[in-house]
Every structure is written in structure tokens, then in C-alpha cells.
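# Architecture and fold: a report
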2 protein chains.
Amino acid sequence: MADPMYRRIAEDLRRQIESGKLAPGSQLLTELELRDEYEASRNTVRDAIKWLITRGLVETRPGQGTFVRLLVIPFVTTLTGEPETASGGEGHTYTQEVTATLRLPESSPPDVGIRPADPVMASELQVGEQTEVISRHQQRLIDGTLWSLQTSYYPMRFVVQGATRLLQATDIVEGTVAYLRESLGLEQAGYRDKIIVRAPDENETRFFKLPDDGRVSVIETRRTAFDDSGTPMRLTVSVYPADRNQFALNVGKVPAEVMDPQSADSPDESAASDTTK
Amino acid sequence: MADPMYRRIAEDLRRQIESGKLAPGSQLLTELELRDEYEASRNTVRDAIKWLITRGLVETRPGQGTFVRLLVIPFVTTLTGEPETASGGEGHTYTQEVTATLRLPESSPPDVGIRPADPVMASELQVGEQTEVISRHQQRLIDGTLWSLQTSYYPMRFVVQGATRLLQATDIVEGTVAYLRESLGLEQAGYRDKIIVRAPDENETRFFKLPDDGRVSVIETRRTAFDDSGTPMRLTVSVYPADRNQFALNVGKVPAEVMDPQSADSPDESAASDTTK
DNA sequence: AACGATTTGTTCGTATGTATC
DNA sequence: TGATACATACGAACAAATCGT
């Protein structure tokens, strides 16, 4: 009896949801009905619902009601190329991976521009802060919903050296890695990724249609690509909503992944967390 | 005047925090004082504070007050070994990496047991569900605070074949990768990592002392290691609180990382999110 | 197109509980 | 122990969104 009332109501509803008694997509009783059901005040019921919202179990729609959230099938992005393959070649893996999972990918036309380097860009590309760099921005959708935002930055010197298509707002179908090799003889020798989980900013919240309470975080990957001399030649910053994306990477000799539509997501309650057994 | 009052109060406080007018660690006015300050009710002020809490900007301490949160220096885990090195050898990289960044690492003694395989374990280790597997669980601390929980699972056949130390609750100092090579002649040829961001469960919330509102998510990595024949030999599930961990990976030929104590964390507001320029 | 019914969202006031110093 | 500060809970009123008539 230690737990506060709103908590007990929330736990009770959570049990009903996780047991399947309340199916995904189904509507909960209204706040007034729950008030009678639990003999609490409407505000207390609302506190319980807020608790469920923060945990991603339900969502409210003004004027309609409260609903059990549908679960989404996460999309997996593989961060490494084929292990035994020569380095590089991660250009057009996106559509490959997506179509392989029978889903419909789209990319917006690139949004190209020149902008001064912020601290992250300057540090990764090893240029001075405020130095102008080329930026190429794209949005990626799967099955019609927004999946990621991606911006690549290149040093300005590439354009001077002849890679003029970097500044054109058209897709470089063969991939910029191949384009830079053909146009400048620049070989991508490897890359370093940094993976960061953080709260979405306002743009991202709007763009991905995330709940505006900052509950869903985004995953930001920063890929710095290097040429053979170890000079950074590209920085690609990608932002993925954490509720519909997963990542994978292969190191060394790894067998092909077996397709199983499981081990996917939330009702996990397993694995490494058995601290208090 | 479109925004609700609690929102306007929250935004105002957010501005003060982000501009540095309210320094990290400093105390906000009390709810009663803020009520007078903004000429709202205490409940409305509390709604504003809740909004700031879910965004990780402030924290409340019962009996004390509301405080601007301190930012923590994230710890970076590199998921790949040295690129040009032969595969394998990721055994004791943990202490290496931590000490390299001048921080104090600790590992709890392993918590060893036998347990039936859950769906994830069964799928990754390619054993039947409910089959018994060996589990070795460890906690990792840095500078005295909890950084990660880790559990490795091995098929039972390894013990029968002679790797009996897997079942002893003592540290295998040379690393289990080396131990399995020495005792069974088993060579780890590669591994596959899956990276998932999800809400913490109750154990994890307690253990990492996370705010109990599920705002901070955890990063779960599942590493499946394979021998030369492509047979899975180990599954390691690690759970990291997302607010103090980052990940990195190197592919191909990559220069040594330059040490710069920047480009770290939250007040980012940069990069790929320029959707609405 | 307008209206009313329903449902969630916001705001207020108030009282009492619990944690900290 | 008392004072202070946040936490929980109740009741009430009106606003805003949605849907069917």
C-alpha cells in the first residue's frame, strides 16, 4: 500500500496492456469512466495516464480518447560494410538494405548549400571554425514515414579541385564516394562513427512527428571518412528517431543474418538486467 | 499568447538555463516563489517544472528544491577493435579504454549461473528456447558511478567439453575469448553487434539511479560472437544509460583519434537538423 | 455549415503527506 | 522538533479538439 494511487492505477493499466487484455490500438476507458472505475479523482487518473505516456504505452488524442500505442517494426541500419570486402563502399547501401526487408524507401532530393563550420564540423573535418564547407542534406522515408535526416559536409577545396557536382542539388546516383574517386582520384580508406543518444531538438520533434514531451530520443551518428593519408574528407551526420531504428555492425568473419521477425523491441524484460535476482 | 501558461513559464526558465543565467547545479526559486513571480498557481508552476524535468534540464529533490542539472562527461565505448588487427581480441579493452581517459574503472566479480534461454538468447545462440545456458553477469563502474550492466551467455556444451572455469564465479583475467581458445581450441572469428535504444526496465532504473519517469533511455548492445565455422559461441548483452555513454566504431584505415574535450553532448542545436532553414 | 455531445487539455484553489535540514 | 519544500490528491471550471447529427 506504499505506492501512491496514481501509480497503482497506472500499474494496473500497464498489466492489462502487457497481458494483451488491452490490445494495441484499442481505446481505454475515458478519464471520467476510469475515475468511477478506480474511485479516484479525474486528476489522479490523469496522473496515471501521464505515467503511461512517458513510458510509451499509451497516447492521448484530444477530443477522442486514450489509446494503447501500436508497436512499430524497427528498421535496422548496418554501420559496417561487408567485413571481408575492401574498405569503403558504403555508398548506396541504404536502398539495398531497405528493399531487402520488403519496405519502400524514398530519399528527398538533396538540399545543397555552403555554410560555416560549427565546432563539431570543424573538429571532425579538421578545418577552422567558421570555415565554409559544403553541406548536402537529405531526408529518408520508409513506407511513407520519416526515418532519418542526413547531412554530409565536405571541405570547399573539393569543388575548387573539380568535384563541382557536390554543389548541384541533384542526386549523385553512383554515390559521392565513387564520385570523388572518379573526379578527384580520392580514395576513401576508412571511417570512424560516433553514436550519440540525445533528446530531439524542436526541428526534429516537428519533423519526425515525435511526442512533444521529449520522451523519444534520437540517435545521432557522426561518420568521419578518411582518405588514405588519414585526412578527413567527409562528415556525415545522421539523426534517427530512437523508437523506430536499430543498428547493427559486423566485425571479422560473421555468417549471414538469418531472417527472424522477432527479438525486436520493447516488452523485453530480459537479458542483462537481472541484477536483483 | 497561443501557448498555455505552464509552457510559457517553462520556456522562460529554459532560456535562463541555456543562457547560463541559471548555472548548472544552482537552485531555482521554490514553487511558491515562482508562483508569485509568474502570477500563476502553484500547480501551473509545477506543470512547467515537469516539462523541464522531462527534457532533462532540471531535477527536483523533495525537501530541498529544484536544481539545474549538472552535465556529465560521457564515456565512449569503441565497438570495433583495431581495424588492421586480426579479428577477435576485444577481451580486456574495457580497462584500457577507461584508464586511457584518466578515469577509474571497476568491475564487480562475475555473477555466474545457469538459466533457460529466453527468445533473444535462443535466437542469437541458435539453441532451443528454454535450453539451459551459462550466464556470467558483471557490473561496471567508472569513478564510482554505475556505467553499465553486462551479461554474457555461453552454450552449456562448453562446460562439458572442458571449459569449466566458465561456471566459476571468479574473473577470467585473460578474457573469456582467450580462455576458450586455450581450453577448447575455439577461435573467435568475428562478431555481430545489434544496438537498440529502449526505455529502462524497473531493475535498470533502480540500478543506474535513473529518474523513475522513464525519461532517460538505455542503450542495449547485443554482441553475438562466432567461431570460424560461423557457429555462435557467445552472446553478450550490455546495457548502458544513454545519458552518460557514447559509442564509436572504426572501419577500414582510420587515423588515431585526436583528444579534444569538446563535441561532447547536449546543448547541440546544430548539424543535421536544419530542416526548416 | 452549424450545433451539441463527448473527450482531453489547462488552470485554479485547497488540503494533506513526506522528505530534508 | 519545527520549518521548508516538493509530492499526492481532491474538486471545480472552462477551453479546445473531434465527431456525428
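Residue indices begin from 1 for each chain and proceed along its sequence in written order. Labels are handed out in written order, letters beginning with A for the chains and numbers beginning with 1 for the ligands. For this predicted model, a pLDDT threshold of at least 70 governs which residues receive local features, and a threshold of 80 or more governs which side-chain atom pairs are given and counted, while totals over whole chains, interfaces and linings are taken from all residues. Here the side-chain values reflect all heavy atoms present in the structure, with hydrogen atoms and water set aside.

### Overview of the overall build of chain A
What counts is decided by this rule: Think of it this way: any DSSP run of H or I at least four residues long counts as a helix, any run of E at least two long counts as a strand, and we number them from the N terminus. Exposure is judged per residue with a 1.4 Å probe applied to protein chains only, and the accessible area is read against the type maximum: over 50% gives exposed, under 20% gives buried, and values in between give partly exposed.
Counting its secondary structure elements, chain A contains eight helices and eleven strands. Burial statistics for chain A: of 277 residues in total, 52% are counted as buried.

### Here we look at the protein's contact with DNA strand C
As a reminder, the rule being used: Here a residue counts as near a molecule or strand whenever at least one of its heavy atoms sits within 4 Å of it. Two N or O atoms form a polar contact when they lie within 3.5 Å of each other; inside protein one atom must be a possible hydrogen donor and the other a possible acceptor, and for residues adjacent in sequence the pair counts only when both atoms belong to side chains. Asp, Glu, Lys and Arg are counted as charged, while Ala, Val, Leu, Ile, Met, Phe, Trp, Tyr, Cys and Pro are counted as nonpolar; the rest, among them Gly, fall into the polar class.
In the vicinity of DNA strand C, 22 residues are found, and the nearest of them are A:Arg42, A:Thr60, B:Met5, B:Asn43 and B:Thr44. Near the protein, within 4 Å, the atoms of DNA strand C are sugar or phosphate in 66% of cases. Take A:Glu31: an N or O atom from its main chain is 3.0 Å from a phosphate oxygen of DNA strand C. In the model, a phosphate oxygen of DNA strand C is placed 2.8 Å from a nitrogen or oxygen of the A:Thr60 side chain. Elements supplying a minimum of two residues to the surface near DNA strand C: helix H2 (31-38), helix H3 (42-54), strand E1 (58-61) and strand E2 (65-68) of chain A together with helix H1 (5-18) and helix H3 (42-54) of chain B. Of the residues contributing to the surface near DNA strand C, the split by class is seven nonpolar, eleven polar and four charged.

### Brief notes about helix H7 (residues 176-184) of chain A
Residue and element names in this part refer to chain A. What counts is decided by this rule: The contact criterion used throughout is that any non-hydrogen atoms of two residues lie within 4.5 Å.
Taken together, the buried positions of H7 are Thr176, Val177, Ala178, Tyr179 and Leu180. The inward-facing, buried residues of H7 contact strand E7 (145-155), helix H6 (157-160), strand E8 (188-198) and strand E10 (232-241). Just beyond H7, the residue with positive phi is Gly185, at close to 70°.

### Describing H2(A)
For an α-helix the count is 3.6 residues per turn, leaving residues at separations of three or four pointing the same way. Residue and element names in this part refer to chain A. The condition is simple: This arc is taken over the directions from the axis of the helix to the C-beta atoms.
Glu31, Leu34 and Tyr38 are the residues of H2 that are buried. All buried residues of H2 project into a common sector of 60° when viewed along the axis, lining one side. Summarising the contacts, the buried residues of H2 are in contact with helix H1 (5-18) and H3.

### Structural notes on the side chain of B:Arg192
Tracing the backbone shows B:Arg192 in strand E8 (residues 188-198). At 3.2 Å, the side chain of B:Arg192 and the backbone oxygen of A:Pro255 are in polar contact. With near-sequence residues (within four places) excluded, B:Arg192 lies in contact with A:Leu249, A:Asn250, A:Val254, A:Pro255, A:Ala256, A:Glu257, B:Arg222, B:Arg223, B:Thr224 and B:Phe226.

### A closer look at the nonpolar core
A general tendency of soluble globular proteins is for nonpolar side chains to be buried together. Defined as follows: As used here, the term nonpolar core means buried Ala, Val, Leu, Ile, Met, Phe, Trp, Tyr and Cys residues forming a set that is joined through side-chain atoms within 4.5 Å.
Core analysis: the biggest nonpolar cluster contains 44 residues, and A:Leu166 and B:Leu166 have the highest contact counts within it. If we ignore the near neighbours within four places in the chain, the residues touching B:Leu166 are B:Val112, B:Ile134, B:Arg136, B:Tyr154, B:Phe158, B:Ile172, B:Thr176, B:Tyr179 and B:Leu180.

### Let's talk about the interface of chain A and chain B
Put simply, an interface is often sized by how much accessible area is lost when its parts join up. Test applied: Once two parts are joined, some of their accessible surface, as seen by a 1.4 Å probe, is lost; buried area is that loss totalled over both. In what follows, salt bridge is the name for a side-chain nitrogen of Lys or Arg lying within 4 Å of a carboxyl oxygen of Asp or Glu.
The partner chain B presents 76 residues to the 75 residues of chain A that form the contact. Across the interface of chain A and chain B, roughly 6500 Å² is buried in total on both sides, 48% from carbon and sulfur atoms. Applying the counting rule to chain A against chain B returns two salt bridges. Between A:Asp228 and B:Lys253 there is a salt bridge whose closest N-O contact spans 3.4 Å. At the boundary of chain A with chain B, the tally comes to 13 residue pairs in polar contact (both at pLDDT 80 or more). Broken down by element, the residue count for the side of chain A that touches chain B peaks at nine residues, all from E8(A).

### Quick word on the packing of aromatic side chains
Rules: Within 6.5 Å between ring centres, the rings of Phe, Tyr and Trp (the latter by its six-membered ring) count as paired, and their orientation is classed by plane angle as stacked under 30 degrees, edge-to-face over 60, tilted in between. A ring is scored as having a charge over it whenever the NZ atom of a lysine or the CZ atom of an arginine sits within 6 Å of its centre and within 35 degrees of its normal.
A full pass over the atoms with the stated rule returns four aromatic pairs over all chains. With a centroid separation of 6.0 Å and 85° between ring planes, the pair formed by A:Phe207 and A:Phe208 is classed as edge-to-face. Of the two residues, A:Phe207 and A:Phe208, both sit in the buried class. Centroid distance B:Tyr240 to B:Phe247: 4.9 Å. Interplanar angle 85°. Geometry classified as edge-to-face. By relative accessible area, B:Tyr240 is classed as buried at 8%. Accessibility expressed as a relative area gives 1% for B:Phe247, which makes it buried. For B:Arg223, the ring lying beneath its charged end belongs to B:Tyr191, and the centroid distance is 3.7 Å. The side chain of B:Arg244 reaches across the aromatic face of B:Trp147, ending 6.0 Å from its centre.

### Regarding the protein's contact with DNA strand D
Around DNA strand D sit 23 residues in total, of which A:Met5, A:Tyr6, A:Asn43, A:Thr44 and B:Arg46 are the nearest. A breakdown of the atoms of DNA strand D within 4 Å of the protein gives sugar and phosphate a share of 69%. In this structure, B:Arg42 approaches DNA strand D through a side-chain N or O atom, which is 3.0 Å from a base nitrogen. Interatomic distance of 3.3 Å between a side-chain N/O atom of B:Thr66 and a phosphate oxygen of DNA strand D. Counting residues per element, the ones that place at least two in the surface near DNA strand D are H1 and H3 of chain A together with H3, strand E1 (58-61) and strand E2 (65-68) of chain B. For the surface near DNA strand D, the per-class residue count stands at six nonpolar, twelve polar and five charged.

### With respect to the confidence of the model for chain A
Residue and element names in this part refer to chain A. Stated formally: For every residue, the predictor assigns a confidence score, pLDDT, that lies between 0 and 100.
This prediction gives chain A a mean pLDDT of 84; 84% of its residues lie at or above 70. Segment residues 82-89: pLDDT under 50, and seven contacts once partners within four positions in sequence are set aside and those in other chains are kept. The low-confidence segment residues 261-277, where pLDDT is below 50, has 37 contacts with residues more than four positions distant or belonging to other chains.

### Describing the packing of H1(B) against H3(B)
Residue and element names in this part refer to chain B. Note the threshold: Think of each axis as a best-fit line through the C-alpha atoms, taken over the contacting stretch in the case of a helix, with angles from 0 to 180 degrees between the N-to-C directions. Angle categories are assigned with fixed cut-offs, so that under 35 degrees is roughly parallel, over 145 is roughly antiparallel, 65 to 115 is roughly perpendicular, and the rest are oblique. The handedness criterion is simple: a crossing whose near helix is rotated anticlockwise from the far helix by less than a right angle is left-handed, and one whose near helix is rotated clockwise is right-handed.
Where H1 meets H3, the axes come as close as 8 Å, and the angle between the chain directions of the two elements is 55°. The angle between H1 and H3 places the two elements in the oblique class. Considering the relative orientation of H1 and H3, their crossing is right-handed. Residues Met5, Tyr6, Arg7, Ile9, Ala10, Glu11, Leu13 and Arg14 of H1 form the contact with H3, whose participating residues are Thr44, Asp47, Ala48, Trp51 and Leu52. A breakdown of the residues in the contact of H1 with H3 according to their chemical character gives eight nonpolar, one polar and four charged.

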